[in-house]
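Observations on the three-dimensional arrangement
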Amino acid sequence: SKAYLRGAFLGAGSINDPHGEYHLEIRCDHESHAQDLITLLGKFDLKGHLTEHKSKQVLYLKKYQDIISFLNLIGAQKSQLKMENIHILKEVRNDVNRKGNAETANLDKTVQAAMEQLENIHLIQKYQGLNSLSSSLQEIAELRQEHPYASLKELGQLLDPPLSKSGVNHRMRRIKKEAEKIKEEN
């Protein structure tokens, strides 16, 4: 039965370039032949699907793991290994892209937050002066102005003594409240 599957694949089968979508197919002249192949695949816990193309029945597998199992089943170890290597490279590339996207999103959030903080500080400076703030708020406001693109953690490390990211965030929230009072009054 494995030899029958191997023969069917060698005679009328193909796998698309695994750099794109995974797709293995075997073209059959008769539906009964395609159904026999599906039944045979089922004995090896593989679920084939059928479609019609140019008056032929096409049996196909789309799942990566099913295609790997099929290649192993028919003794095509070189093709199986090649496909597994490409799959690993795709996974690594996708992982790197995911991490890059997350870092970009985090950077965007950091920059957006810093811009809002600078606007709040500018508002306070314009209407009542930074010296109207407590010394701890005044210190963090001046640091933010000197380091507009620093993260909260980096700002905290610039203080003497250093302050945690949470502590810097707390001070920035107090500055924001002060700026919101000014907005309401004006």
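Structure: see above.
This write-up is about the structure you can find in this document. (Residues numbered from 1 in each chain as written. Predicted model: local features only at pLDDT ≥ 70, side-chain atom pairs only at ≥ 80, totals over all residues. Heavy atoms only, no water.)

Next up on the list: the overall build of the protein chain. When helices and strands are tallied, the protein chain shows 7 helices and 4 strands. Shown N-terminal to C-terminal, the secondary structure of the protein chain runs as helices and strands in the order α-β-β-α-β-β-α-α-α-α-α. Principal-axis analysis of the C-alpha atoms gives the protein chain an extent of 85 × 35 × 25 Å. For the protein chain, with 186 residues in total, the buried portion stands at 32%. Look at the contacts in the protein chain between residues 6 or more apart in sequence, and 51% of them connect residues 24 or more apart. Summed over its atoms, the accessible surface of the protein chain is roughly 12100 Å², and 50% of this surface lies on carbon and sulfur atoms. Separation of charge centres in the protein chain, based on 27 positive and 25 negative side chains, amounts to 5 Å. (Helix = DSSP H or I, 4+ residues; strand = E, 2+ residues; numbered from the N terminus. Buried < 20%, exposed > 50% of the residue type's maximum accessible area, 1.4 Å probe, protein only. Contact = heavy atoms within 4.5 Å. Areas by Shrake-Rupley, 256 points an atom, 1.4 Å probe, with all protein chains shown as cover. Lys, Arg positive; Asp, Glu negative; His and termini not counted. Charge placed at Lys NZ, Arg CZ, Asp CG, Glu CD.)

Let us look at the side chain of Arg-171. Take Arg-171: it is sitting in helix 7 (residues 165–185). Taking the relative accessible area as the measure of exposure, Arg-171 reaches 17% and is therefore buried. In this view, Arg-171 contacts Ser-136, Leu-137, Glu-139, Ile-140, Leu-159 and Leu-163; residues no more than four positions away in its chain are not counted.

A pair of packed helices is characterised by two quantities: the angle between their axes and the separation of those axes. The geometry of helix 4 (residues 77–127) relative to helix 7 is characterised by a closest axis approach of 9 Å and an angle of 55° between their N-to-C directions. Taken together, the axes of helix 4 and helix 7 lie oblique to each other. Between helix 4 and helix 7 lies a crossing whose hand is left-handed. Residues Gln-117, Asn-120, Ile-121, Leu-123, Ile-124 and Tyr-127 of helix 4 touch helix 7, and the partners they reach there are Met-172, Ile-175, Lys-176, Glu-178, Ala-179, Ile-182 and Lys-183. In terms of residue class, the contact of helix 4 with helix 7 is built from 8 nonpolar, 2 polar and 3 charged. (Axes fitted to C-alpha atoms, helices over the stretch in contact; angles between N-to-C directions. Parallel < 35°, antiparallel > 145°, perpendicular 65-115°, else oblique. Left-handed = near helix turned anticlockwise from the far one by under 90°. Nonpolar A, V, L, I, M, F, W, Y, C, P; charged D, E, K, R; others polar.)

With that settled, the discussion passes to helix 3 (residues 64–73). Every α-helical turn comprises 3.6 residues, leaving residues that sit three or four positions apart pointing alike. Counting buried positions over the 10 residues of helix 3 gives 7, a clear majority of the element. Every buried residue of helix 3 is listed here: Tyr-64, Asp-66, Ile-67, Ile-68, Phe-70, Leu-71 and Leu-73. Structurally, helix 3 contributes buried residues whose contacts are with helix 1 (2–12), strand 1 (13–15), strand 2 (24–28), helix 2 (31–43), strand 4 (56–61) and helix 4.

The first and last C-alpha atoms of helix 2 sit 19 Å apart over 13 residues, in line with the 18 Å expected at 1.5 Å per residue. When helix 2 is considered as a whole, its buried residues turn out to be Ala-34, Leu-37, Leu-40 and Leu-41. Relative to the axis of helix 2, the buried residues are bounded by an arc of 120° and lie together on one face. Of the exposed residues in helix 2, the ones pointing more than 90 degrees away from its buried face are Ser-32 and Lys-43. The inward-facing, buried residues of helix 2 contact helix 1, strand 2, strand 3 (49–53), strand 4 and helix 3. (Expected span 1.5 Å × (residues − 1). Arc of directions from axis to C-beta.)

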